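A look at the structure
As a plain string of letters, each chain reads:
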Amino acid sequence: MTKRFLTFIGTIGLLLLTINTVTAQSKAAFYTALAGGSVKTIDAQIGQVAGYTTAAEAPAFIGALEMRKAGLVTVPAKKLSIFKQGHKKLESVIAAHPREAEYRFLRLMIQENAPKSLGYSKNIAEDSKMIQDQFASLPTVTQQSVKNYSKKSKSLSGLL
């Protein structure tokens, strides 16, 4: 192999490592925003989702952020509107990718914390099982988020 080819391969490897690191940091920021209580932080993350997700998965992450945001706004009509908007996005991605455990994790977090009056809690058991079954195959940053969330989750409490 030529030195030029080896340099090219090394450059590609470094680029992929950099992309993976940026993606992991961005996803960690996403999970921090989702767990936090700031509309401003959530809005900032909504604007950044496209940078660390594919076009197919972005609606799931945006939908989860919107549903979380709904719990933080003060106007009741706005709460419901934002929640429904996010719900539609997340559920459509789950319907298209029913075996994707990370999307199920997003839904589980929302369902466990949504007000009972919304009636959004019927998938907790199945989502919890899928997350536990596929835990080892989740990205490292998602595994860490699942571990952190499991400390306060009723359905994932036996995970650790």
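Remember, it's a predicted structure, so these values are computed and weren't measured experimentally. Sequence positions are assigned chain by chain, starting from 1 and proceeding in written order. Two thresholds apply to this predicted model, a pLDDT of at least 70 for residue-level local features and 80 or more for giving and counting side-chain atom pairs, whereas whole-chain, interface and lining totals are computed over all residues. Hydrogens and water molecules were not included; the side-chain quantities draw on all heavy atoms of the structure.

Structural notes on the layout of surface pockets
The rule is simple: put a 1 Å grid over the protein atoms alone, call a set of points where a 1.4 Å probe fits but cannot get out a cavity, call an open set with protein on both sides within 12 Å along at least five of seven lines a pocket, and count a residue as lining if it has an atom within 4 Å of a point. Grid points are joined across faces, edges and corners, and a volume is the space filled by probe spheres set on the points. Of the volumes computed, that of the largest pocket is approximately 590 Å³. Around the largest pocket, the lining is made up of 25 residues, and of these Leu 34, Arg 68, Met 109, Ile 110 and Asn 113 lie nearest the centre. Classification used: nonpolar for Ala, Val, Leu, Ile, Met, Phe, Trp, Tyr, Cys and Pro, charged for Asp, Glu, Lys and Arg, polar for all others including Gly. Tallied by class, residues from the lining of the largest pocket come to 16 nonpolar, six polar and three charged.

Considering the confidence of the model for the protein chain
A low pLDDT score tells you not to read the predicted coordinates there in detail. In predicted models, pLDDT denotes the confidence assigned by the predictor to each residue on a 0 to 100 scale. In this model, the protein chain carries a mean pLDDT of 86, and residues with pLDDT of at least 70 account for 83%. For this analysis, residues touch if any pair of their heavy atoms sits within 4.5 Å. Contacts for the low-pLDDT stretch residues 5–22, under 50 throughout, to residues beyond four places or in other chains number one contact.

A short note on helix H5 (residues 101–113)
Look at H5: 18 Å from first C-alpha to last across 13 residues, which is about the 18 Å you get at 1.5 Å a residue. Under the scheme applied here, a residue whose accessible area is under 20% of the maximum for its type counts as buried, over 50% as exposed, and between as partly exposed, the area being computed with a 1.4 Å probe on protein chains only. Think of it this way: any DSSP run of H or I at least four residues long counts as a helix, any run of E at least two long counts as a strand, and we number them from the N terminus. With eleven of 13 residues buried, H5 lies mostly within the body of the structure. Residues of H5 that are buried: Ala 101, Glu 102, Tyr 103, Arg 104, Phe 105, Leu 106, Arg 107, Leu 108, Met 109, Ile 110 and Gln 111. The span expected for a helix works out to 1.5 Å for each residue beyond the first.

Section: the packing of H5 against helix H6 (residues 124–134)
Closest axis-to-axis distance for the H5/H6 pair is 9 Å, and the angle between their directions is 140 degrees. Taken together, the axes of H5 and H6 lie oblique to each other. When the axes of H5 and H6 are compared, the crossing they make is left-handed. Residue-level inspection shows Ala 101, Arg 104, Phe 105, Arg 107, Leu 108, Gln 111 and Glu 112 of H5 in contact with H6, the latter providing Ile 124, Glu 126, Asp 127, Ser 128, Met 130, Ile 131 and Gln 134. Helix axes are fitted only over the stretch in contact, all axes being lines through C-alpha atoms; the angle between N-to-C directions runs from 0 to 180 degrees. Note that the term roughly parallel is reserved for angles under 35 degrees, roughly antiparallel for angles over 145, roughly perpendicular for angles of 65 to 115, and oblique for everything else. By convention, the crossing between two helices is left-handed when the near helix turns anticlockwise from the far helix through less than a right angle, and right-handed when the turn is clockwise.

With respect to the packing of aromatic side chains
Only rings of Phe, Tyr and Trp enter the pairing, Trp through its six-membered ring, and a pair is recorded when the two centres are within 6.5 Å. The plane angle decides the type: under 30 degrees is stacked, over 60 is edge-to-face, the rest tilted. On inspection of all chains with the given rule, the structure shows six aromatic pairs. With 4.9 Å between their ring centres and 75 degrees between their planes, Phe 30 and Phe 61 make a pair best called edge-to-face. Of this pair, Phe 30 sits in helix H1 (residues 3–35) while Phe 61 sits in helix H3 (residues 58–70), and the two are 31 residues apart along the sequence. The burial state of Phe 30 is the same as that of Phe 61; both residues are buried. Aromatic ring contacts, followed pair by pair, group Phe 30, Tyr 31, Phe 61, Tyr 103, Phe 105 and Tyr 149 into a single cluster.

Looking at the nonpolar core
Core analysis: the biggest nonpolar cluster contains 36 residues, and Phe 30, Phe 105 and Leu 106 have the highest contact counts within it. When residues of this core are traced back to their parent elements, those giving at least two are H1, H3, helix H4 (76–96), H5, H6 and helix H7 (140–150). Residue contributions to this core peak at eight residues, all from H3. Excluding anything up to four places from it in sequence, Phe 30 contacts Gln 45, Tyr 52, Phe 61, Ala 64, Leu 65 and Leu 106. Residues belong to a common nonpolar core when they are buried Ala, Val, Leu, Ile, Met, Phe, Trp, Tyr or Cys residues joined through side-chain atoms within 4.5 Å.

Let's talk about the side chain of Lys 27
Within the element layout of this structure, Lys 27 appears in helix H1. Residue Lys 27 is classed as buried on the basis of its relative accessible area, which comes to 8%. In this structure Lys 27 touches Tyr 52, Phe 61, Glu 102, Val 141 and Thr 142, once residues within four positions along its chain are discounted.

Concerning the pattern of salt bridges
Only one rule defines a salt bridge in this text: a Lys or Arg side-chain nitrogen within 4 Å of an Asp or Glu carboxyl oxygen. Under the defined criterion, the tally for this structure stands at eight salt bridges. A salt bridge links Lys 27 to Glu 102, with the shortest nitrogen-to-oxygen separation between them at 2.9 Å. Placement of Lys 27 in helix H1 and of Glu 102 in helix H5 is noted, with a sequence separation of 75 residues between them. For the pair Lys 27 and Glu 102, a shared accessibility class is recorded, and that class is buried. Note that Arg 107 is salt-bridged to Glu 91, the shortest N-O span being 3.0 Å. Taken together, the positions of Arg 107 in helix H5 and Glu 91 in helix H4 put the pair 16 residues apart, joining distant regions of the chain.

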